[in-house]
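One-letter residues, chain by chain:
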Amino acid sequence: MPTSHAATADRLDRAQRAVAEAGWEALLVSAGTDLRYLTGYHAHVSERLTCLVVPAQGAPLLVVPQLEAPMVQAAGVTTALHAWGETDDPFDVVATHLREIGAPGGVGISSRMWAEHVLALTSAIGATWELAGPLMAQLRMRKDDAEAAALLQAGQAIDRVHARMAEWLRPGRTEREVGRDIAEAIVTAGHEHVEFIIVGSGPNAASPHHLLSDRVIESGDMVVVDIGGVTEDGYCSDSTRTYLAGGQPTTEVLDFYAVLQAAQEAACRAVAPGVSAQAVDATARGIIAEAGYGANFIHRTGHGIGLDVHEDPYIVSGNDLPLEAGMAFSVEPGIYFAGRYGARIEDIVICTAGGVQRLNVGTRDLVTVDA
Ligand code: ZN
Ligand code: ZN
C-alpha cells in the first residue's frame with residue numbers, strides 16, 4: 001500500500017512549519033528514507049542528485065534526474081518537479097532555486113547526504129548548512145496508525161521466519177547455508193527484500209554485529225539469529241531469538257539466559273508514555289547487572305525503527321526523551337562472553353496511550369533445534 005497523499009501532504013506541511021520554526025530558509029532532503037517519508041517517493045541513492053527543496057514558505061520543489069522522472073510520476077508524487085538533463089548541473093539548479101527563495105542563510109541538509117553532493121552544493125551556493133537529522137527525527141519519531149500497522153505487518157512476517165528456524169538451523173550446516181535459507185524465507189514471509197541476516201554460532205554468538213561466516217555449527221552451540229527485512233511500504237522488521245543447536249544447556253547457560261529473559265520482559269513492561277528512553281535501558285541493565293553480568297551487556301538496549309532499521313529514539317543511557325504514544329523501537333538486551341557464547345532477545349514494541357504493544361510475539365525461550 002503506497003503512502004497516501006493525505007499523509008505526505010500533512011508531513012510536508014509539518015516539515016515546512018518545522019523549517020520556519022528553526023529559522024531556516026529551506027530544508028534540502030536527498031534520496032533516502034527522509035525523502036520517502038515526506039513524498040512517498042523511493043529514490044535511487046546514487047551519484048545523480050535527487051533533492052527535495054522544502055522552503056520555509058512557498059511550494060516545495062523536487063529536483064530529479066530526467067531519466068528517473070517517470071518513477072516520480074508513477075509514485076503519484078504531486079510536488080512540483082524539476083527534471084534535470086544528463087549534462088545539466090543539478091547543483092546549480094538547487095542553488096538558483098535557493099537564491100530565489102532567500103538563501104544564503106540557514107539551510108537544513110539531510111544528515112546522510114553524500115559528501116560529494118554537499119561539497120558541490122557548497123561551491124554552487126554559500127549557504128550556512130545545518131544538519132537536518134534532529135528536525136527530521138522529530139517529524140518521524142511518532143508513528144501514525146498506518147505506519148504502526150505497517151510495522152506490525154513487518155513484525156508478524158519476521159515472526160513467521162523465526163517460527164520455521166528448525167527447518168534450517170542444525171549442527172553440521174554453516175552459518176552461511178542457514179543464512180541463505182533464511183533470506184528466501186524473509187521474502188516469502190511478506191518482505192520486499194532482506195535487510196540483514198545475523199547467524200552467530202558458538203563464539204560468534206558473542207559478537208553482536210556478526211553477520212554470516214563459513215563456520216560449521218556444532219552440536220551444543222548457542223546461535224544468535226537476528227534478522228530483518230523491509231516490506232513493500234518501506235517499513236522494517238528486526239527480531240532476535242537465540243537457539244541451542246542440539247545438546248543440553250549447561251547450568252551456566254540456563255542461569256544467564258533466565259536473567260536475560262527477565263531483563264527483556266521487564267524492559268518491555270516498563271514502556272509507557274512519560275517514561276524516559278534511558279529508564280527503559282536502566283530497567284534491562286539493572287536486572288542484568290544485579291545478577292553479575294553487567295560487564296557482559298555491551299550495547300544499548302534498543303533503537304527506534306520505521307523506514308530505517310535504526311532511527312530515533314535510541315534506548316540508551318543519557319537519552320532523557322520521554323516516550324510518547326506512537327514511538328516504535330526495539331528492546332534487545334544481550335549477554336555476551338567473548339570467545340565462548342552469548343545470547344540476545346529482541347522484540348519491536350510501540351508505546352501506546354495505554355502502555356505498550358509488542359509487535360513480535362514468538363516464544364522468547366531458548367529453543368533447542370537439532371537434526
Ligand atoms: Zn536486530
Ligand atoms: Zn535491532
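Within each chain, residue numbers correspond to sequence positions counted from 1 in written order. Working convention: letters from A go to chains and numbers from 1 go to ligands, in the order in which they are written. Side-chain atom pairs in this predicted model are given and counted only at pLDDT of 80 or more, local residue features only at pLDDT of at least 70, and totals for whole chains, interfaces and linings cover all residues. The side-chain numbers reported here are obtained from all heavy atoms of the structure, hydrogens and water having been left aside.

### As for the domain arrangement of the protein chain
Next up, step 1: For each domain, the first and last residues come from an automatic or database assignment. By the assigned domains, the protein chain splits into domain 1 (5-140) and domain 2 (145-369).
Next up, step 2: One C-alpha centre belongs to domain 1, the other to domain 2, and the line joining them spans 34 Å.
Next up, step 3: Contacts between the two partners involve seven residues from domain 1, matched on the other side by 10 residues from domain 2.
Next up, step 4: Taken over both partners, the interface formed by domain 1 and domain 2 buries close to 710 Å², and the fraction arising from carbon and sulfur atoms is 41%.
Next up, step 5: Counting the surface domain 1 buries against domain 2, the share from its top three residues, T33, R36 and R140, is 55%.
Next up, step 6: In the sections that follow, a salt bridge refers to a side-chain nitrogen of Lys or Arg positioned within 4 Å of a carboxyl oxygen of Asp or Glu. Here domain 1 is connected to domain 2 by four salt bridges. We call two residues contacting when some pair of their heavy atoms lies within 4.5 Å. When two components associate, each loses some accessible surface as probed by a 1.4 Å sphere; the sum of these losses over both components is called the buried area.

### Remarks on the coordination of the zinc ion (ligand 2)
Next up, step 1: Water is not part of the atom set, so a site may look incomplete; the donors themselves are N, O and S atoms within 2.8 Å of the metal, or 3.2 Å for Na, K and Ca. Only D238 (OD), H303 (NE2), E332 (OE) and E346 (OE) from the protein coordinate the zinc ion (ligand 2), and they sit 2.0 to 2.2 Å from it.
Next up, step 2: All donor residues of the zinc ion (ligand 2) come from one chain, and their arrangement in sequence is D-x64-H-x28-E-x13-E.

### Remarks on the packing of helix α9 (residues 251-270) against helix α10 (residues 277-290)
Next up, step 1: Angular values range over 0 to 180 degrees, each being the angle between N-to-C directions of two axes fitted as lines to C-alpha atoms, with helices fitted over their stretch in contact. Numbering of helices and strands runs from the N terminus, with a helix taken as a DSSP run of H or I at least four residues long and a strand as a DSSP run of E at least two residues long. It is the contact of α9 with α10, at a shortest axis distance of 8 Å, that shows an interaxial angle of 160 degrees. With respect to their mutual orientation, α9 and α10 come out roughly antiparallel. Seen from above, α9 lies across α10 with right-handed handedness. Listed contacts from α10 to V259, L260, A262, A263, A266, A267 and A270 of α9 are V280, T283, A284, I287 and I288. Any angle that is under 35 degrees is reported as roughly parallel, and any over 145 degrees as roughly antiparallel; angles of 65 to 115 degrees are reported as roughly perpendicular and all others as oblique. Definitions for this section: a left-handed crossing has its near helix turned counterclockwise from the far helix by less than a right angle. A right-handed crossing has that turn clockwise.

### What about the pattern of salt bridges?
Next up, step 1: Evaluation of the coordinates by the stated rule reveals 24 salt bridges.
Next up, step 2: A salt bridge links R344 to D226; its shortest N-O distance comes to 3.0 Å. With R344 in strand β14 (residues 341-344) and D226 in strand β8 (residues 221-230), the pair connects residues that are 118 residues apart, well separated along the chain.
Next up, step 3: Here D226 falls in the buried class, since its relative accessible area comes to 5%.
Next up, step 4: Residue D347 is joined to R241 by a salt bridge in which the shortest nitrogen-to-oxygen separation is 2.8 Å. Here the residue D347 occupies a position in strand β15 (residues 347-352), and R241 occupies one in strand β9 (residues 239-245), the gap between them amounting to 106 residues. Of the two residues, D347 and R241, both sit in the buried class.
Next up, step 5: Here the salt bridges share partners, and the residues they tie into one network are D34, R112, R140, K143, D308 and E311. Note on exposure labels: buried denotes an accessible area under 20% of the residue type's maximum, exposed denotes more than 50%, and partly exposed covers the range between, all computed with a 1.4 Å probe on protein chains only.

### Looking at the coordination of the zinc ion (ligand 1)
Next up, step 1: Protein coordination at the zinc ion (ligand 1): the donors are D226 (OD), D226 (OD), D238 (OD) and E346 (OE), at 2.0 to 2.4 Å from the metal.
Next up, step 2: Here the metal geometry follows the donor angles, with tetrahedral for four donors whose angles all fall between 85 and 135 degrees, square planar for four and octahedral for six when opposite donors are more than 155 degrees apart and every other angle is between 65 and 115, and irregular for all the rest. Classification of the site at the zinc ion (ligand 1) rests on its four donor atoms, whose angles at the metal span 57 to 147 degrees, yielding the label irregular.
Next up, step 3: Taken in sequence order, the residues that donate to the zinc ion (ligand 1) follow the motif D-x11-D-x107-E.
Next up, step 4: A separation of 3.1 Å is found between the zinc ion (ligand 1) and the zinc ion (ligand 2), both of which receive a donor from D238. Placement of the pair is D226 in strand β8 and D238 in the loop between β8 and β9, with a sequence separation of 12 residues.
Next up, step 5: Taking the relative accessible area as the measure of exposure, D238 reaches 2% and is therefore buried.

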